[in-house]
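Below, each chain spelled out in residue letters.
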Amino acid sequence: GENVGLHLPTLSVQEGDNSIINCAYSNSASDYFIWYKQESGKGPQFIIDIRSNMDKRQGQRVTVLLNKTVKHLSLQIAATQPGDSAVYFCALEADDYKLSFGAGTTVTVRA
Amino acid sequence: EPEVTQTPSHQVTQMGQEVILRCVPISNHLYFYWYRQILGQKVEFLVSFYNNEISEKSEIFDDQFSVERPDGSNFTLKIRSTKLEDSAMYFCASKGGGGYTFGSGTRLTVV
C-alpha cells in the first residue's frame, strides 16, 4: 500500500507567523495531492490541491509545494490565525481513484 | 455549496449488533467511498463504489462489512456483527469533477 507520512505530528506556532507542514510519499505514480484540515469532531475539509504537472499552487493564505523528485509535499499557511488550529492531513491519489491519507499534523496557534 | 450528508452523527451499539451508517452523496458524483478514522489515528480507506458495484476494498473491509446504494441517492455501510475495535469515526465521501467531498462523519461507539 501507499506510505504517506508527515515529518512532525505536532506544530506550535505564534499567531501571525507562517506555518509549514510537510508530507512525504512513496508512490511515484501519485498524480493528485490534497491538503485537508480537520477540526475536532468534523470531517476532512478541503484546503488546496495540486496535480503532478505543477510544483506550486496558491490559494487564500495557503500555498502548496510539490517536489516530485524527492516525493515531498508541503503546505504553507501565511499569517497563521487561531482559527487555523486543527489537524492537517495530506492525501494523495494514484491511478486507483482513491485517497491515501498521511498521519496528520496537529497545529496549535499561540496567541 | 453541495454537501455530503451522513446520519446519524453518533451511534452507540452493543457488541455483536448490526449497524447501518447512512450517507447521501452529492447528486451528480459517480464515485462513492467509506473511510474510517480510529481516535487519534489517520483516515483509512475502507471501500470505493462505482457504477453500482464495489471497485476496491481494503483489508479492513472484511465479510462483516457491506455497502449498498439502494435507491440512487443513499449510500449505506452495514456492519453485520460489530466488534469493540469497530469503534471509530466513519466518513462517507463522493467524488466528482471538482474532487472529493467528505461528510461530517458518524461516530460509532461499540460497547
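**Here we look at the overall build of chain B**
Here comes step 1: Within chain B, the regular secondary structure consists of zero helices and 11 strands.
Here comes step 2: Along the chain direction, N to C, the helices and strands of chain B fall in the order β-β-β-β-β-β-β-β-β-β-β.
Here comes step 3: Rg of the C-alpha trace for chain B: 13 Å, near the compact-globule value of 13 Å for 111 residues, within the 12% margin.
Here comes step 4: Along the three orthogonal principal directions, the C-alpha set of chain B runs to about 40 × 25 × 25 Å.
Here comes step 5: Here chain B holds 111 residues, and the buried ones make up 44% of them.
Here comes step 6: For chain B, the computed accessible surface area is about 5,700 Å², with 45% contributed by carbon and sulfur atoms.
Here comes step 7: The positive charge centre, built from 10 side chains, and the negative charge centre, built from 13, are 1 Å apart in chain B.

**Considering the state of the cysteines**
As used here, a disulfide is simply a covalent bond connecting the sulfur atoms of two cysteines.
Here comes step 1: Summed over all chains, the structure comprises two disulfides over all chains.
Here comes step 2: With a sulfur-sulfur separation of 1.8 Å, Cys23 of chain A is cross-linked through a disulfide to Cys90 of chain A. With the S-S dihedral at roughly 45°, the linkage between Cys23 of chain A and Cys90 of chain A falls on the right-handed side. Residue Cys23 of chain A is found in strand 3 (residues 19–25), and its partner Cys90 of chain A is found in strand 9 (residues 86–93); the two are separated by 67 residues along the sequence. We note that Cys23 of chain A, like Cys90 of chain A, is buried.
Here comes step 3: Across the disulfide from Cys23 of chain B sits Cys92 of chain B; the S-S distance is 1.9 Å. Its S-S torsion of approximately -65° makes the covalent link between Cys23 of chain B and Cys92 of chain B left-handed. In this pair, Cys23 of chain B sits in strand 3 (residues 19–24) while Cys92 of chain B sits in strand 9 (residues 88–96), placing the two residues 69 residues apart along the sequence. Cys92 of chain B matches Cys23 of chain B in its accessibility class, with the two residues each being buried.

Thresholds applied
Residues numbered from 1 in each chain as written. Chains lettered and ligands numbered in written order. Predicted model: local features only at pLDDT ≥ 70, side-chain atom pairs only at ≥ 80, totals over all residues. Heavy atoms only, no water. Helix = DSSP H or I, 4+ residues; strand = E, 2+ residues; numbered from the N terminus. Rg over C-alpha atoms; globule rule 2.2 N^0.38 Å. Buried < 20%, exposed > 50% of the residue type's maximum accessible area, 1.4 Å probe, protein only. Areas by Shrake-Rupley, 256 points an atom, 1.4 Å probe, with all protein chains shown as cover. Lys, Arg positive; Asp, Glu negative; His and termini not counted. Charge placed at Lys NZ, Arg CZ, Asp CG, Glu CD. Disulfide = S-S within 2.5 Å.

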